[in-house]
Amino acid sequence: MSRRSQPQQNSQSQRPQPPSQSRSNNNSNNNYNNRYEPTDGDDDEIEYNAQHRLLLDQFTKRRIISTETLKKLVMTVNRITQVNISLDDYINSLNSKIMEVGLQIKILNTDGINDYILTNLKPDECARYATHYSGDELKFFKLILKMFIESRVGLKKNDILTLGRDELKIKLSDADNLFRKFAEDGWLRLSASKSFTTLTNRALSDMAPLLDGIPNCALCHTICVLLEDESVQCPNEDCAVMHSHCAEGWFKANKNKCPSCSTRMDF
């Protein structure tokens, strides 16, 4: 289970409202920065041309692109097509088009490092990312997702292998091979301490419509898997949960107070 901080005072101050989305977007530790979502009327202001299609092609091939790499791609596309369009304008323009088909480019921040990721917004489209898996492989992956949602925490590898054996009646060795395949394909990863298995950023992004049972970080408002070494919980039941890297910046600026109830927390 995730690390639950101990309160440093017995009485709680009056509950303020949780931080607004605008505050979280100003926080450098946001996991997903949604400032590129188009507003009404953007289609009339932003043109969508060949250079945008070139950049979108890179996103469909790579899925996740680092900021450094994306800046180089933008420079290359601008040079080839003889235009001068900023990275932000490219993302705005692309999102104004691809959101119509259930996709969106978002900023993914992990431990202060920004990447751009092409994300899926429709539950019905999740399956198309796994069309190269067999029926039994898909069943196993869905069981793993269900297990994550029900537990809301990282899982031990042995628990996942046992799940395959008990539910699908497959050998532990076969379950282990499937586990390795999901990891190699970028769906599963080890936690920071190597103690737990959890979903990768790609899985959290693409499968987000299916992960309603997992809480959101109180600061960046994106999915927060409750890992002991990657998340922080308010000691008050059913209160805030946060990514550790989000909490670090918040606590420094707010004297270790919970963003939801202002209880002081150890961190």
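Residues numbered from 1 in each chain as written. Predicted model: local features only at pLDDT ≥ 70, side-chain atom pairs only at ≥ 80, totals over all residues. Heavy atoms only, no water.

Please explain the pattern of salt bridges as it appears in this structure.
Pairs may arise between side chains of opposite charge once their charged atoms sit close together. Counting across every chain of the model gives seven salt bridges. The residue lysine 72 makes a salt bridge to glutamate 68 at a minimum N-O spacing of 3.7 Å. Residue lysine 72 and its partner glutamate 68 are both found in helix H4 (residues 67-81); the two are separated by four residues, about one turn of the helix. The partner of arginine 180 in a salt bridge is aspartate 176, with the nearest N and O atoms 2.9 Å apart. Taken together, the positions of arginine 180 and aspartate 176, both in helix H8 (residues 172-184) and four residues apart, correspond to about one turn of that helix. The exposure class assigned to arginine 180 is partly exposed, which follows from its relative accessible area of 45%. Residues participating in the shared-partner salt-bridge network are Lys157, Asp176 and Arg180. (Salt bridge = Lys/Arg side-chain N within 4 Å of Asp/Glu carboxyl O. Helix = DSSP H or I, 4+ residues; strand = E, 2+ residues; numbered from the N terminus. Buried < 20%, exposed > 50% of the residue type's maximum accessible area, 1.4 Å probe, protein only.)

Please clarify how the packing of helix H3 (residues 50-62) against helix H5 (residues 87-98) should be interpreted in this entry.
Angle between the axes and distance between the axes are the two parameters that describe a pair of packed helices. Look at H3 against H5: their axes get within 10 Å of each other, and the N-to-C directions meet at 80°. Put simply, H3 runs roughly perpendicular to H5. In this structure, H3 contributes Gln51, His52, Leu55, Leu56 and Phe59 to the contact, and H5 contributes Tyr90, Ile91, Ser93, Leu94 and Ile98. Considered class by class, the residues forming the contact of H3 with H5 number seven nonpolar, three polar and no charged. (Axes fitted to C-alpha atoms, helices over the stretch in contact; angles between N-to-C directions. Parallel < 35°, antiparallel > 145°, perpendicular 65-115°, else oblique. Contact = heavy atoms within 4.5 Å. Nonpolar A, V, L, I, M, F, W, Y, C, P; charged D, E, K, R; others polar.)

What am I meant to see in the packing of helix H7 (residues 157-168) against H8 here?
Relative to each other, H7 and H8 sit at 120°, their axes nearing to 8 Å. Regarding the angle of H7 to H8, the classification is oblique. The two elements H7 and H8 meet at a crossing, and its hand is right-handed. Contacts from Lys157, Ile160, Leu161, Thr162 and Arg165 in H7 reach Leu172, Ala175, Asp176, Phe179 and Arg180 in H8. Of the residues contributing to the contact of H7 with H8, the split by class is five nonpolar, one polar and four charged. (Left-handed = near helix turned anticlockwise from the far one by under 90°.)

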